[in-house]
Amino acid sequence: IALVIGLLQARASRLAPLLGSFNSILYGIIYIGFGLYANAANAFFVSFPMQLVTFLRWKKNAYKNSTRFRSLKPRQWALLIGVFLLCFLLVNFALSAAGSSYRLLDNSSTLLGLAIGVLTMFSFREYSWLMLPNGLLTIGLYTAMMLDDPAQVTYLIYAVQSFICIVKQFFCVRQLYREQKEEAL
């Protein structure tokens, strides 16, 4: 399922969040087994509903097989960075208390993923920019996990494949945004 979602995301397709919403439930179950509690909570309580809402919003604002994108203003960037840093500190404290595995990578990838989800839901093109470092963080997380448990290699392979889709998506969103701006002129 995730491979198909990745291919749809590479084209910034509005079907990707629909399939992703249901796939996040499966990931939540897996994350619990690995002790990645922040990722598990994110999958169940944030990713699932957020991706479903994203699909509905993108469908309402359809452009080709995607959506109409917009861009963050400087104040919105500042707010995003401030909220991210505050949440990072709070979640890091909570994960420390819970004895979470791979706390720094777990926290960073979870919160960046949450920011990406919000930006995606509201069709801000910057989501595709932030997916690049998040993809690298995910590769780092699964590399660290694989060193402790070689069976994690399948997740690392998927993370690399996902990163390839993220790079393609980055360029696709740029192209769609450029087209939309030209049409608006």
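Each remark here, short or long, concerns the structure printed above.
K.L.:
Help me understand the overall build of the chain, please; the structure alone is not making it clear to me.
P.N.:
What the chain contains, in helices and strands, is seven helices and two strands. Traced from its N-terminal end to its C-terminal end, the chain shows the element sequence α-α-α-β-β-α-α-α-α. Relative to the compact-globule value of 16 Å for 185 residues, the chain shows a C-alpha radius of gyration of 16 Å, a close match. Dimensions of the chain along its principal axes, counting C-alpha atoms only, are 55 × 35 × 25 Å. Residues classed as buried in the chain amount to 43% of the 185 residues present. Put simply, the chain shows about 10000 Å² of open surface, and 71% of that area lies on carbon and sulfur atoms.

K.L.:
I'm lost on helix α1 (residues 2-10) in this one. Help?
P.N.:
Residue pairs three or four apart in sequence face the same way in an α-helix, which turns once every 3.6 residues. Within the sequence span of α1, burial applies to Ala2, Ile5, Gly6, Leu8 and Ala10. Close packing links the buried residues of α1 with α2 (15-34) and α7 (153-184). Just past α1, the residue Ala12 takes up positive phi, approximately 55°.

K.L.:
It is not clear to me how the side chain of Gln180 should be interpreted in this structure. Could you clarify?
P.N.:
Relative to the elements of secondary structure, Gln180 occurs in helix α7. Ignoring any residue separated from it by four or fewer positions in sequence, one finds Gln180 in contact with Tyr63, Thr67, Arg68 and Phe69.

K.L.:
Explanation requested: unusual backbone geometry in the structure shown.
P.N.:
In this model, Ala12 sits at a positive phi of 55°, which is unusual for a non-glycine residue. By the secondary structure assignment, Ala12 is in the loop between α1 and α2. Accessibility expressed as a relative area gives 1% for Ala12, which makes it buried.

K.L.:
For this particular structure, what's the right way to read the pattern of salt bridges?
P.N.:
Between side chains of opposite charge, pairing is possible as soon as their charged atoms come close. The final tally for this structure, using the stated rule, is one salt bridge. Glu179 is paired through a salt bridge with Lys64; the nearest N and O atoms lie 2.8 Å apart. Here Glu179, found in helix α7, pairs with Lys64, found in the loop between β1 (62-63) and β2 (66-67); they are 115 residues apart in sequence, far enough to count as distant. A residue is classified by how much of its surface remains accessible, and Lys64, at 55% relative accessible area, is exposed.

K.L.:
Looking at this structure, how should I read the packing of aromatic side chains?
P.N.:
Think of a pair of aromatic rings as described by two things: how far the centres are apart, and how the planes are tilted against each other in angle. Summed over all chains, the structure comprises 11 aromatic pairs. Ring centres 6.2 Å apart and planes at 20° place the aromatic pair Trp77 and Trp129 in the stacked group. Of this pair, Trp77 sits in helix α4 (residues 74-98) while Trp129 sits in helix α6 (residues 126-148), placing them 52 residues apart in sequence. The exposure class of Trp77 is partly exposed, given its relative accessible area of 23%. In this structure Trp129 comes out as partly exposed when scored by relative accessible area, which is 32%. Members of the aromatic cluster, joined through ring pairs, are Phe34, Tyr142 and Tyr155. Its end group placed over the ring of Phe124, Arg70 keeps NZ or CZ at 4.4 Å from the ring centre.

K.L.:
So what exactly am I meant to see when it comes to the packing of helix α3 (residues 37-60) against helix α5 (residues 103-121) here?
P.N.:
Packed helices, taken two at a time, are described by the angle between their axes plus the distance between the axes. Relative to each other, α3 and α5 sit at 10°, their axes nearing to 9 Å. The orientation of α3 relative to α5 falls into the category roughly parallel. Handedness of the α3/α5 crossing: left-handed. Every residue of α5 that contacts α3 at Tyr37, Ala38, Asn39, Asn42, Val46, Met50, Val53, Thr54, Arg57 and Trp58 is listed here: Asp106, Ser109, Thr110, Leu114, Gly117, Val118, Thr120 and Met121. By residue class, the composition of the contact of α3 with α5 is nine nonpolar, seven polar and two charged.

Cut-offs used in this document
Residues numbered from 1 in each chain as written. Predicted model: local features only at pLDDT ≥ 70, side-chain atom pairs only at ≥ 80, totals over all residues. Heavy atoms only, no water. Helix = DSSP H or I, 4+ residues; strand = E, 2+ residues; numbered from the N terminus. Rg over C-alpha atoms; globule rule 2.2 N^0.38 Å. Buried < 20%, exposed > 50% of the residue type's maximum accessible area, 1.4 Å probe, protein only. Areas by Shrake-Rupley, 256 points an atom, 1.4 Å probe, with all protein chains shown as cover. Contact = heavy atoms within 4.5 Å. Salt bridge = Lys/Arg side-chain N within 4 Å of Asp/Glu carboxyl O. Phe/Tyr/Trp six-rings, centres within 6.5 Å; stacked < 30°, edge-to-face > 60°. Lys NZ or Arg CZ within 6 Å of the ring centre and 35° of its normal. Axes fitted to C-alpha atoms, helices over the stretch in contact; angles between N-to-C directions. Parallel < 35°, antiparallel > 145°, perpendicular 65-115°, else oblique. Left-handed = near helix turned anticlockwise from the far one by under 90°. Nonpolar A, V, L, I, M, F, W, Y, C, P; charged D, E, K, R; others polar.

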